[in-house]
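# Observations on the three-dimensional arrangement
Single-letter residue listing:
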Amino acid sequence: MFGLTNKSRPVVVMICLLLGSDAIVTGQLSSDIQKEIRQNDRMAEKSLNEWNLSEAAKYYNKSAFVLMNHQQNEEAAGYYLKILDINKQLGNQKGILITYNNLGMIYLDLEQYDKALPHLENGLEISRKIESRVSIISAISNVAVALQGLGKFQESNQKLESAIQMAKDINNLKLLRRCYGIVYENYDKLGQSDKSYHY
């Protein structure tokens, strides 16, 4: 779902106004998709006016999902920011975690690492409280990728130390390989190929 980068994504002129009852979405989306998003926006606003925050979040989530499926990730992020605000008002920790992760992954895909990092770090903090070690390891590795994208290779490796130990503790080879892969890339980018070969 997050496979396209800025370099491979076609240039799209897209306007998405999330204020008012009729969000305007233009660009390379079909008229049916634009209509679906406008309908979701109307239903979300109606739900907000009725103080039904969960229902509003559901409609915003539908629009975000549609936009992501059509590689309109920046516009989808706008919806996820609205969902994040709603989940915070509801005190929905699981919803907040999922939304932080969605935002982080969107910004990683867009190679906007400075925007990805705070969302991923916030997600990691919540994961440490409510999630399994597998989720925590995944969250740490996502933070490490964002740090790598910002050129903070040593800090990325330091973050991964705990993830590597946890992956070893639970004998999760898939996550261990992912962590080792990031460490390898970091050492390689630091010009420390002698250390990278250990991974």
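Coordinates for the structure precede this section.
For clarity, every value in this text was computed on a predicted model and none was experimentally measured. (Residues numbered from 1 in each chain as written. Predicted model: local features only at pLDDT ≥ 70, side-chain atom pairs only at ≥ 80, totals over all residues. Heavy atoms only, no water.)

### A few points about the overall build of the protein
A tally of helices and strands in the protein yields nine helices and zero strands. Start at the N end of the protein and walk to the C end: the helices and strands fall as α-α-α-α-α-α-α-α-α. Residues classed as buried in the protein amount to 42% of the 199 residues present. Counting only contacts in the protein whose residues sit at least 6 apart along the sequence, the fraction spanning at least 24 positions is 50%. When the accessible surface of the protein is totalled, it reaches about 10600 Å², and 50% of it is carbon and sulfur. (Helix = DSSP H or I, 4+ residues; strand = E, 2+ residues; numbered from the N terminus. Buried < 20%, exposed > 50% of the residue type's maximum accessible area, 1.4 Å probe, protein only. Contact = heavy atoms within 4.5 Å. Areas by Shrake-Rupley, 256 points an atom, 1.4 Å probe, with all protein chains shown as cover.)

### Let's talk about the pattern of salt bridges
Scanning the model with the defined rule gives three salt bridges in all. The closest approach of N and O atoms between Glu-55 and Lys-58, which form a salt bridge, is 2.9 Å. Of the two residues, Glu-55 and Lys-58 are both situated in helix 2 (residues 53–69); the distance of three residues between them amounts to about one turn of the helix. Under the relative-accessibility criterion, Glu-55 is labelled partly exposed at 25%. (Salt bridge = Lys/Arg side-chain N within 4 Å of Asp/Glu carboxyl O.)

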